[in-house]
Amino acid sequence: MLSLRVRLLMWLMLPLSLYIGASAWLAYRSARDTAELVQDRALLTSAQVIAGELTWVDGALRATVPPSALELFASPARDRVFYQVITETGQLLAGPPGFPHPPLFPQTGPAYSNITVDGETLRAISFVRTMYDSGKPHRVAVVVAETMRAHDEMLAQLWEPSLHRQIAMAALAALLVLIGLTVELHPLIRLKDEVAGRAPQELVPIRAGQLQTELRPIVDAINLCIQRLSAQAQQQRRFVADAAHQLRTPLTLLDTQLQFAAQLDDRAALADVLAAMQASSRGLNDLTNKLLLLSQAEAADTPAFSRSRIDLVGIAAGVLEELVALAQRRDIDLGLETSETHVWVTGNGELFHAMVMNLVDNAIRYIHEGGRVTVAIDRQDGAARLRVIDDGPGIQAEARQRVFERFYRNAPPGQPGTGLGLAIVKEIVAASHGTVTLAPGDDGTGLVVSVTLPVDADTESNAP
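Attention in this report is confined to the structure presented alongside it. Please read these numbers as outputs of a predicted model, since none were measured by experiment.

1. Side note on the pattern of salt bridges
Enumeration according to the criterion identifies 12 salt bridges in this entry. Notably, a salt bridge pairs Glu88 with Arg139, separated by 3.7 Å at the nearest N-O pair. Highlighted residues: Glu88 in the loop between strand 3 (81-87) and strand 4 (92-94) and Arg139 in strand 7 (residues 136-147), separated in sequence by 51 residues. When its relative accessible area of 45% is taken as the criterion, Glu88 is described as partly exposed. Glu120 is paired through a salt bridge with Arg149; the nearest N and O atoms lie 3.0 Å apart.

Put into structure tokens, the structure is as follows:
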């Protein structure tokens with residue numbers, strides 16, 4: 001991969017090279033036209049001088065070539081000059097025979113052309129003068145040709161300095177760009193050094209300093225990433241601290257029970273202690289599973305977490321099948337109410353299953369025996385809504401927000417639980433860009449937990 005300096009230099013030099021090429025071509029054409037104009041003027045003047053010396057002598061045309069006609073071409077380039085004077089009938093009046101002349105009698109004005117003599121290119125002019133004898137016209141062509149050495153030297157003198165200046169300008173521009181990039185990239189290099197020199201736990205925003213306006217969005221994006229990493233790190237530290245705090249108590253209890261069991265000789269008492277240890281182990285296992293589930297729920301709002309199209313009705317039906325035995329043991333009427341065959345949402349199936357399981361399990365455990373728990377699913381304002389409705393004691397208004405806090409329990413003493421159920425529900429719903437609210441039932445008693453989730457966009461667009 002090419003460096004930024006080289007890439008920017010290439011972007012600059014590409015249009016600059018095209019400009020220099022076009023400018024050089026135009027300068028060459030202008031210099032060539034100027035050199036041709038000077039040479040053509042000399043050829044025309046020479047032809048006119050020779051034509052001016054045509055005379056009639058005893059009824060015959062005579063051509064005299066004065067030295068002044070050829071002195072026009074004197075130059076350091078030592079060009080060769082050729083000339084011919086030919087009548088319309090082909091009579092050669094002056095000049096060497098066999099000269100490869102251009103068209104002798106052009107229709108209008110003097111005619112210019114390039115011819116080749118001994119392998120060398122010459123510029124030639126055909127100039128016609130009409131001579132009259134007793135009123136009868138006789139056309140005479142004067143041809144003058146010159147090699148192009150002086151022409152080429154003039155062309156080089158006119159064109160090459162301009163080309164050299166433009167090449168020098170391009171080289172200077174490239175040098176200034178490299179120097180400018182080196183100077184202007186210093187703040188970015190300092191930014192790189194600042195980021196590279198940080199400790200792993202140093203999650204503080206980067207100072208933009210003297211960074212250019214165009215590069216400040218990069219700093220803003222890095223700071224946003226640092227902010228997210230900091231929040232994630234705080235979340236992980238809080239999770240570890242909470243887990244350590246909550247696991248310490250059951251582990252201490254289990255250790256105490258083990259020490260007590262080791263001192264017992266009575267098999268009946270030992271059986272009671274082992275039963276208590278088994279209950280402690282189950283509680284510890286349940287707490288561990290809830291902590292792992294909470295960790296998964298916190299990580300659910302990331303691109304790396306798998307998402308798919310989930311049928312909320314199917315999830316709820318599966319959860320009720322799993323909990324129907326628990327409901328029957330407590331003589332609780334457990335049911336599902338919905339007019340929808342399918343309600344599709346986007347998310348993680350395992351987490352949605354855990355969300356509904358926590359809500360229904362809480363409702364079953366915390367209401368009185370013989371109560372009623374209903375799971376209702378419908379659509380409201382284009383969103384999917386799942387409600388868990390019970391006729392239990394409900395939750396006081398001042399405690400409805402706190403119950404979503406980790407390890408907060410709004411239950412009678414001795415009631416089993418971890419205080420993580422609704423915290424897990426809140427994290428799962430938030431990761432799915434939904435909302436969860438608590439409210440009393442229609443008659444002011446019981447509790448209604450409402451979860452609102454966005455419906456699957458593809459399913460909605462394909463709906464009839």
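Anyway, onward from the coordinates.
2. Description of unusual backbone geometry
One non-glycine residue with positive phi stands out, namely Asp58, at about 50°. Relative to the assigned elements, Asp58 resides in the loop between strand 1 (55-57) and strand 2 (60-62). Unusually for a residue other than glycine, Asp331 sits at a positive phi of about 55°. Mapped onto the secondary structure, Asp331 falls in the loop between helix 7 (312-329) and strand 9 (333-338).

3. What to know about the sheet that holds strand 9
Here five strands make up an open sheet; going across it, the order is 9-11-12-14-13 and the pairing mixed. Bordering the open sheet on either side are strand 9 and strand 13 (435-439), each of which pairs with just one other strand. Shown here is a sheet whose adjacent strand axes are inclined to one another by a mean of 15°, direction ignored. The sheet contact formed by strand 9 and strand 11 (residues 372-380) spans six bridges and is parallel. Within strand 11, the position partnered with Glu337 by the bridge is Ala376.

4. Some words on the nonpolar core
Counting 47 residues, the largest nonpolar core has Met355, Leu359, Val360 and Ile364 as the members making the most contacts within it. Within the residue set of this core, elements represented by two or more residues are helix 7, helix 8 (349-366), strand 11, strand 12 (383-390), helix 9 (421-431), strand 13 and strand 14 (447-454). No other element matches helix 8, which puts 10 residues into this core. Setting aside residues no more than four positions away along its own chain, Val360 makes contact with Val319, Leu320, Leu323, Leu334, Val375 and Val388. By size, the runner-up hydrophobic cluster in this structure holds 18 residues, among which are Leu54, Ala63, Val85 and Val140.

Definitions and cut-offs
Residues numbered from 1 in each chain as written. Predicted model: local features only at pLDDT ≥ 70, side-chain atom pairs only at ≥ 80, totals over all residues. Heavy atoms only, no water. Salt bridge = Lys/Arg side-chain N within 4 Å of Asp/Glu carboxyl O. Helix = DSSP H or I, 4+ residues; strand = E, 2+ residues; numbered from the N terminus. Buried < 20%, exposed > 50% of the residue type's maximum accessible area, 1.4 Å probe, protein only. Pairing = 2+ DSSP bridges. Axes fitted to C-alpha atoms, helices over the stretch in contact; angles between N-to-C directions. Core = buried A, V, L, I, M, F, W, Y, C linked by side-chain atoms within 4.5 Å. Contact = heavy atoms within 4.5 Å.

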